[in-house]
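# Geometric and topological summary
For reference, the chains in residue letters:
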Amino acid sequence: MSALHSQLAILFEGQGDVAQFELLAETLGVSLNTSTALGDTPFFLTWREGELKLLDRELLKKGGLSIDIAPRSGEQRSYPAPKEGAFAQAIGRKTKTVVDATTGWAQDSLCLFRMGYDMTCIERSPIMAQLIADAFARLTHESWVQKLELAPPRLLHGNAIDVLQNLDTAPDCVYLDPMFPPKRKKSALSKKSMTILHELVGEDLDKEHLFEAAFAATSKRVVVKSPDYAPPLGGKPSESFAGKLLRYDVYFKS
Ligand SMILES: C[S@@+](CC[C@H](N)C(=O)[O-])C[C@H]1O[C@@H](n2cnc3c(N)ncnc32)[C@H](O)[C@@H]1O
């Protein structure tokens, strides 16, 4: 059993082929449980409605969280979506290749993918990496992705501090959105998806090292998303773009 086994179990509720559930349990080194023998882990992964979902005990009856691959509300549905707003300005309109070193729920990665950036995604949590892999597989079945013959973002599982050192080609941009401690406990983590992610992975205490690895790996720029109250991760940024309650700090490599 892996270090994960006290945190997570795979839940089989009688849906589909049990072999898929057994394989996931074996891959992650965790146990396969059923609704009548839940065990005592705080988290579960299971497939519901064709999507891999993360559940905590509160979500067991309510459905669970999967990675949403649909465009955000207000986002233009044409491809590539216009490179507008603070996020796109920070990433750069001429930027082609982006490595998202802190993929998490992949909402930023997918937004950049829809803007036409060539995306590589890194995630170190094995649980989040499974959810991301499931989302990218679902993305390949979307009609617009098939029609345009687009390949989904590449996913690399591991600590980005190491993975960034071994990339074949230096990306134009490395994007970082690590976990910061909330200013007021409730407000910053009010979304269930962020609360559960915080419970799962905790605060990213090595983010200064991650910044150094990102700066060494990029050919042009590092972009860091921070809550507006947090000091800049890499010292004084070259440029900064303000969003709602957050900031994108841009560090150019001259
Ligand atoms: C705040 S979340 C990112 C949210 C993401 N931007 C989104 O749009 O959903 C931070 C994620 O980065 C991951 N992470 C933090 N440090 C990392 C590292 N050194 N290597 C790989 N993943 C890392 C965490 O496991 C977590 O899933």
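What you are looking at is a predicted structure, and each value in this text was computed from that prediction instead of being measured.

Rules of the game
- Residues numbered from 1 in each chain as written.
- Predicted model: local features only at pLDDT ≥ 70, side-chain atom pairs only at ≥ 80, totals over all residues.
- Heavy atoms only, no water.
- pLDDT = per-residue confidence, 0-100.
- Helix = DSSP H or I, 4+ residues; strand = E, 2+ residues; numbered from the N terminus.
- Phe/Tyr/Trp six-rings, centres within 6.5 Å; stacked < 30°, edge-to-face > 60°.
- Buried < 20%, exposed > 50% of the residue type's maximum accessible area, 1.4 Å probe, protein only.
- Lys NZ or Arg CZ within 6 Å of the ring centre and 35° of its normal.
- Salt bridge = Lys/Arg side-chain N within 4 Å of Asp/Glu carboxyl O.

## Topic: the confidence of the model for the protein chain
- Per-residue pLDDT for the protein chain averages 93, and the proportion of residues at 70 or more is 96%.
- Within the protein chain, strand 5 (residues 97-100) carries the highest mean pLDDT (99), whereas helix 7 (residues 185-188) carries the lowest (53).

## Brief notes about the packing of aromatic side chains
- Here the structure, examined in full by the defined rule, presents 8 aromatic pairs.
- Arranged with centres 5.1 Å apart and planes meeting at 85°, the rings of Phe21 and Trp47 form a pair that is edge-to-face. Within this pair, whereas Phe21 is found in helix 1 (residues 18-28), its partner Trp47 is found in strand 3 (residues 43-48), the two being separated by 26 residues in sequence. Each member of the pair Phe21 and Trp47 is classed as buried.
- Centre to centre, the rings of Phe87 and Tyr248 are 5.1 Å apart; their planes meet at 20°, and the pair counts as stacked. Of this pair, Phe87 sits in helix 2 (residues 85-91) while Tyr248 sits in strand 11 (residues 246-252), placing them 161 residues apart in sequence.
- Feature note: the residues Phe12, Phe21 and Trp47 constitute an aromatic cluster, connected by ring pairs.
- Seen from the ring of Phe215, Lys253 lies directly overhead, with NZ or CZ sitting 5.6 Å from the centre.

## What to know about the pattern of salt bridges
- On inspection of all chains with the given rule, the structure shows 15 salt bridges.
- Residue Lys53 is joined to Glu49 by a salt bridge in which the shortest nitrogen-to-oxygen separation is 3.0 Å.
- With a relative accessible area of 72%, Glu49 lands in the exposed category.
- One salt bridge in this structure joins Asp56 and Lys192, with 2.6 Å as the shortest N-O distance.

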